[in-house]
Amino acid sequence: MMLAIENLHVYYGGIHALKGISMEVPEGSIVTLIGANGAGKSTTLRTITGLVRPRQGSIKLKGRDISRLPTHQIVQSGVAMVPEGRKIFRNLTVRENLMMGAYHRSDASAVQRDFEYVIGLFPRLEERLSQKGGTLSGGEQQMLAIGRALMSGPSLLCLDEPSLGLAPLLVREVFKALESVHDEGRTILLIEQNARAALKLADYAYVLETGVIKMQGKASDLLENEDVRKAYLGG
Amino acid sequence: MNLEALIQQLMNGLSLGSLYALIAIGYTMVYGILRLINFAHGDIFMVGAYCAFFFVAIFRLPWFLSALLAIGLTALVGMSVERIAYRPVRNAPRISALITALGVSFFIENLGLVTVGARPKAFARPEIMAKVVKIGPAAVSAVSIWVPILSVLLLLALMYVIYRTKAGMAMRAVSTDIETTRLMGADVDRIIALTFALGSALAAAGGIMWACKYPQINPLMGIYPGWKAFTAAVVGGIGNITGAMLGGLLIGMVEIMTVAFFPGLSGYRDGIIFTLLLVFLLVKPTGILGESLKEKV
Ligand SMILES: Nc1ncnc2c1ncn2[C@@H]1O[C@H](COP(=O)(O)OP(=O)(O)OP(=O)(O)O)[C@@H](O)[C@H]1O
Ligand SMILES: [Mg+2]
């Protein structure tokens, strides 16, 4: 199992944001976590990457509990995150943003390989390598955020709403890129409000509602499910 | 004023200004990364001068070796201040951090008074700094020429680190977004420690050169230069490195020229600088280069 979360409880002061969620991400799969605003999707990812600390529960990466490690060590053990809102380093160039993704790696030739891979995945970034990250369009910034995460050579790629604020055409482009990243053998945990696109892409899905996993199953099954259609797919 | 005096005053302003610039950079780098005004920075400058003094006077080391060791040791002191005093309050409300910084400043000053005493010590400067050099008609003290030259070399080295090295890239990343820098697998604590080390090293270099220029040192010598360099950082646009350099030069020139052109006002030289600080804080708190405040470290 790439990632196994068990009985995770997270609080913000008095707010009980995650109420004992458990989920699994098998190696080589795409798993999606969908849910409405405020359901706790971002909180889940932020807890996985150590930005928020759980009060209870465990998070195992390939069998090893990472829930008490500092963020940089979690990332070094193979988890990369595309944060909500992309969080590009505005004052760094596109190239520097990508190199920040590889910050902890010392194998220069592997970094170079991944750099070429990312440029191949998002050719638009190539002409903009020496441009400041803040000057990119929203779609380009999203590609840069994904590319930056891939530069760490992760075994698990987590994405927090990569389709947010993108035109449909760009959403398709981003999802196609994710598919090809998956074809390369990487494991993906995708958080989305765009449930239809996410369910089409994913193997398995969890539905989160106010801090509780309300439903789970094969993504193709949830896509057909009456309740899911009503609540998340607009009927 | 005749040409001779003008050249002397210009060199004076230039050297004083580059010293302010060296100190101002430490304020601005720490502010860029932590949004903290490190009030103890002027005292770090004093520590640099004393370290060099002791290496020369007590350990009898050659002058330049002493200066290098003092810079290294002061960098360690700066890192320790961050580790011991600032890191524990990093996530506390900003006012707690400011009060901590004031406390550290008083602590270092008083530790200095207790250990080395309040009486000024004569700082031995190397032969080449003590000489008098001719620029055109003017006789200028060599230190006024060396200080700007060495400062420019140090600033170029700093720019190289910040814009051409991986560590410098990480410092720029931290200054925009600490959390996302963590997500890059970078140990932010180490990057912050490095920032303090660099800022303190520059302050130490400034302190040593200051002591060459005004060869009497005492444990409170960092207070006024510290405040003026802070003014320089604000005037240049706090958080902005180029701004700190410009601000330093400007403050140094204003101070020297006030004295040169209005000798009657020379008693007010500090007052004039701090009035400038207040005016900027009220009218343009983002400073001269405030527009490009996002380019901060
Ligand atoms: N820093 C915080 N302090 C206090 N409460 C928070 C904080 N972050 C999130 N919350 C609360 O925790 C709950 C879950 O928030 P979270 O951001 O995880 O939701 P989400 O599913 O990602 O929503 P969205 O789709 O809007 O991004 C919400 O009720 C939110 O108000
Ligand atoms: Mg969210």
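Refer to the structure presented above.
1. A short note on the overall build of chain A
Moving on, step 1. Across its full length, chain A carries 9 helices and 10 strands.
Moving on, step 2. Since a compact globule built from 235 residues should have a radius of gyration of about 18 Å, the 17 Å found for chain A is in line with a globular shape.
Moving on, step 3. Viewed in the frame of its principal axes, chain A has a C-alpha envelope of about 45 × 40 × 30 Å.
Moving on, step 4. Once local pairs closer than 6 in sequence are excluded, the contacts in chain A between residues at least 24 apart make up 66%.
Moving on, step 5. Split by element, the accessible area of chain A, about 9,800 Å² in all, is 47% carbon and sulfur.
Moving on, step 6. One way to put it: in chain A the 28 positive side-chain charges average out to a point 6 Å from where the 25 negative ones average out.

2. Looking at the sheet that holds strand 6 (residues 79–82) of chain A
Residues and elements named next belong to chain A.
Moving on, step 1. Ordered by their spatial adjacency, 6 strands build an open sheet running 6-7-8-3-9-10, and the pairing between neighbours is mixed. Looking at the sheet topology across the chains shown, the edges are occupied by strand 6 and strand 10 (212–218). Along the sheet, successive strands turn relative to each other by an average axial angle of 15°, direction set aside.
Moving on, step 2. Of the strand pairs in this sheet, strand 3 (residues 30–35) and strand 8 (residues 187–192) are connected by 5 bridges, and their pairing is parallel. The residue of strand 8 that forms the bridge with T32 is L190.
Moving on, step 3. Contacts from helix 5 (residues 138–150) reach strand 6 and strand 7 (156–160) within the one sheet, and its direction differs from that of strand 6 by about 170°.

3. Here's the deal with the sheet that holds strand 4 (residues 56–61) of chain A
All names here are of chain A.
Moving on, step 1. Taken together, 4 strands build an open sheet; the order of strands is 2-1-4-5 and the sheet is antiparallel. The open sheet is flanked by strand 2 (15–25) and strand 5 (64–65), the only strands paired with a single partner.
Moving on, step 2. Where strand 1 (residues 3–12) lies against strand 4, 5 bridges are found, and the strand directions are antiparallel. From the neighbouring strand, L3 faces strand 4, where its bridge partner is L61.
Moving on, step 3. The sheet contacts of helix 1 (residues 41–48) involve strand 1, strand 2 and strand 4, and relative to strand 1 the element is tilted by about 110°.

4. A look at the packing of aromatic side chains
Residue and element names in this part refer to chain B.
Moving on, step 1. Applying the stated rule across the entire model yields 14 aromatic pairs over all chains.
Moving on, step 2. Seen in terms of ring centroids, F55 and F59 are 5.8 Å apart; in terms of plane orientation they differ by 40°. Their pairing is tilted.
Moving on, step 3. Residue F55 is classed as buried on the basis of its relative accessible area, which comes to 14%.
Moving on, step 4. Consider the rings of W210 and Y214, whose centres lie 5.0 Å apart with planes at 55°: the pair is tilted.
Moving on, step 5. Residue W210 is classed as buried on the basis of its relative accessible area, which comes to 12%.
Moving on, step 6. Among the aromatic residues, those joined into a cluster by ring pairs are Y20, F45, W210 and Y214.

What counts, and where the lines are drawn
- Residues numbered from 1 in each chain as written.
- Chains lettered and ligands numbered in written order.
- Predicted model: local features only at pLDDT ≥ 70, side-chain atom pairs only at ≥ 80, totals over all residues.
- Heavy atoms only, no water.
- Helix = DSSP H or I, 4+ residues; strand = E, 2+ residues; numbered from the N terminus.
- Rg over C-alpha atoms; globule rule 2.2 N^0.38 Å.
- Contact = heavy atoms within 4.5 Å.
- Areas by Shrake-Rupley, 256 points an atom, 1.4 Å probe, with all protein chains shown as cover.
- Lys, Arg positive; Asp, Glu negative; His and termini not counted.
- Charge placed at Lys NZ, Arg CZ, Asp CG, Glu CD.
- Pairing = 2+ DSSP bridges.
- Axes fitted to C-alpha atoms, helices over the stretch in contact; angles between N-to-C directions.
- Phe/Tyr/Trp six-rings, centres within 6.5 Å; stacked < 30°, edge-to-face > 60°.
- Buried < 20%, exposed > 50% of the residue type's maximum accessible area, 1.4 Å probe, protein only.

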